[in-house]
Amino acid sequence: MTSLNDFNALKTRQQTAWASGDYAVIGTTLQIVGEELAEACDLRWDQEVLDVAAGNGNATLAAARRGCKVTSTDYVGSLLDRGAERARAERLNAIFQVADAELLPFADNSFDAVLSTFGVMFTPDHSKAAAELVRVCRPGGCIGLANWTSASFIGQVFKILGRFIAPPAGVQSPALWGTEEHLRHLFEKDAASIAITSRSFNFRYRSAVHFIEVFRSWYGPVHKAFAALPPEQALALETDLTVLLNKLNRAAPDSLVVPSEYLEVVITCR
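Values in this document were obtained by computation on a predicted structure and should not be read as measured data.

**Section: the state of the cysteines**
Then step 1. Under the definition given, this model contains zero disulfides.
Then step 2. There is no disulfide at C41, and the cysteine sulfur nearest it, in C142, is 3.7 Å away.
Then step 3. Residue classification places C41 among the buried residues on the basis of a relative accessible area of 10%.

Below is the structure:
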């Protein structure tokens, strides 16, 4: 059983990890996922939309481009700043607010749609986070999620990281959010319907070396892992990632294109 203090300590470590590097460098490349999720949720002009664990705002911008009134939240303020920069550049209106996905500072039934792309899946307390998404969504509204699967490229990256930096004991894996069974466990009692679609995002880089260079510099969990490891283990981590990248590369040997499966989830609330 994991105590509240354990969850809070883990959350603090997660905040530090995601604030390290600059996730926005990676996040911006994932914009198409936010666009597809906005279409899957059939967002309408003037709807109230909440983006949870928004990072640098892919789903936020997608909803704002469709005329929605968007509130973008994350527990890393610097990522919200990057999202706000992007919104200003496109002259899009959105509110950016620091908030914990497990304790959202909004009244019940406040939003027509609640979105999260590769964000809420990393919360320590899955049940609490799911309950918050449901609580703030109006009856008949939708919760839209994009979650990496365990077998996906990113899922395998996290498995490799786990061999070098042990995951916290007693905490459920984020990859569970990429399984239909877990999603139904979290949401079925509050859902009128749950639609789950398997999709794929292609990571495009020059080479495995280039991918590792970018992720080592900017992607918080990878950045922190390399920083924490002694040189020989860091080299072993780099080797394991290189093997995985080359194995999954469908553009070899000229470039790097690595598909990563994710679940696009649209939950209609009762």
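**Comments concerning the sheet that holds strand β5 (residues 137-148)**
Then step 1. Across the sheet, which stays open at both edges, the seven strands sit in the order β3-β2-β1-β4-β5-β7-β6 with mixed pairing between neighbours. Single-partner strands in this sheet number two, and they are β3 (94-98) and β6 (191-205). Between one strand and the next, the sheet's axes are offset by a mean angle of 15 degrees, whatever the strand orientation.
Then step 2. As paired elements, strand β4 (residues 111-117) and β5 share six bridges and run parallel to each other. Its bridge partner lying in β5, T117 is registered against A146.

**Observations regarding the packing of aromatic side chains**
Then step 1. Evaluated as defined, the whole model comprises 21 aromatic pairs.
Then step 2. Aromatic pair F153 and F203: ring centres 5.6 Å apart, planes at 65 degrees, arrangement edge-to-face. Taken together, the residues F153 in helix α7 (residues 153-164) and F203 in strand β6 connect sequence positions 50 residues apart. Across the pair, F203 and F153 agree in class, each one buried.

**Here's the deal with unusual backbone geometry**
Then step 1. Residues other than glycine seldom take positive phi values, yet D42 does so here, at roughly 55 degrees.
Then step 2. Structurally, D42 is set in the loop between α3 (31-40) and β1 (48-51).
Then step 3. Even without a glycine there, the phi angle at N109 is positive, about 60 degrees.
Then step 4. Among the secondary structure elements, N109 is positioned in the loop between β3 and β4.

**Focus: the environment of S217**
Then step 1. Inspection of the secondary structure assignment puts S217 in helix α9 (residues 208-218).
Then step 2. On the accessibility criterion, S217 (32% relative accessible area) is partly exposed.
Then step 3. In sequence terms S217 and V25 are 192 residues apart; their C-alpha atoms lie 9.6 Å from each other.
Then step 4. Ignoring anything within four residues of it in the chain, the contact list for S217 reads G21, D22 and H223.
Then step 5. From its side chain, S217 meets the backbone oxygen of E213 in a polar contact 2.8 Å long.

**Let's talk about the packing of α7 against helix α11 (residues 231-248)**
Axis angle and axis distance: for two packed helices, these are the angle between their axes and the distance between the axes, and together they describe the pair.
Then step 1. Contact pair α7 / α11: the axes reach a minimum separation of 10 Å and the direction vectors enclose 160 degrees. Viewed along their axes, α7 and α11 adopt a mutual orientation that is roughly antiparallel. Crossing geometry of α7 relative to α11 is assigned as right-handed. Contact with α7, carried on its side by F153, Q156, V157, I160, L161, R163 and F164, involves Q233, A236, L237, D240, L241, L244, L245 and L248 of α11 and no other residues of that element.

**What about the side chain of E132?**
Then step 1. The residue E132 is located in helix α6 (residues 126-136) in this model.
Then step 2. Taking the relative accessible area as the measure of exposure, E132 reaches 10% and is therefore buried.
Then step 3. Every residue in contact with E132, bar those within four places of it in the chain, is listed here: A101, E102, L103 and L104.

**Re α3**
Then step 1. Along α3, the residues that are buried comprise Q31, V33, G34, E35, L37 and A38.
Then step 2. A positive phi of about 55 degrees marks D42, the residue just after α3.

**What to know about the pattern of salt bridges**
Then step 1. With the rule as written, the count across this model stands at 18 salt bridges.
Then step 2. Two residues, R66 and E39, come together in a salt bridge whose shortest N-O distance is 2.8 Å. Here R66, found in the loop between α4 (58-65) and β2 (69-74), pairs with E39, found in helix α3; they are 27 residues apart in sequence, far enough to count as distant.
Then step 3. Between D112 and R138 there is a salt bridge, with its nearest N and O atoms 3.0 Å apart. Pair noted here: D112 is in strand β4 and R138 is in strand β5, with a separation of 26 residues, a long-range link.
Then step 4. Under the relative-accessibility criterion, D112 is labelled partly exposed at 23%.
Then step 5. The partly exposed category is assigned to R138, whose relative accessible area is 28%.
Then step 6. Linked through salt bridges whose partners overlap, the residues forming this network are E35, E39, R65, R66 and E90.

What counts and how
Residues numbered from 1 in each chain as written. Predicted model: local features only at pLDDT ≥ 70, side-chain atom pairs only at ≥ 80, totals over all residues. Heavy atoms only, no water. Disulfide = S-S within 2.5 Å. Buried < 20%, exposed > 50% of the residue type's maximum accessible area, 1.4 Å probe, protein only. Pairing = 2+ DSSP bridges. Helix = DSSP H or I, 4+ residues; strand = E, 2+ residues; numbered from the N terminus. Axes fitted to C-alpha atoms, helices over the stretch in contact; angles between N-to-C directions. Phe/Tyr/Trp six-rings, centres within 6.5 Å; stacked < 30°, edge-to-face > 60°. Contact = heavy atoms within 4.5 Å. Polar contact = N/O pair within 3.5 Å; in protein donor to acceptor, adjacent residues only side chain to side chain. Parallel < 35°, antiparallel > 145°, perpendicular 65-115°, else oblique. Left-handed = near helix turned anticlockwise from the far one by under 90°. Salt bridge = Lys/Arg side-chain N within 4 Å of Asp/Glu carboxyl O.

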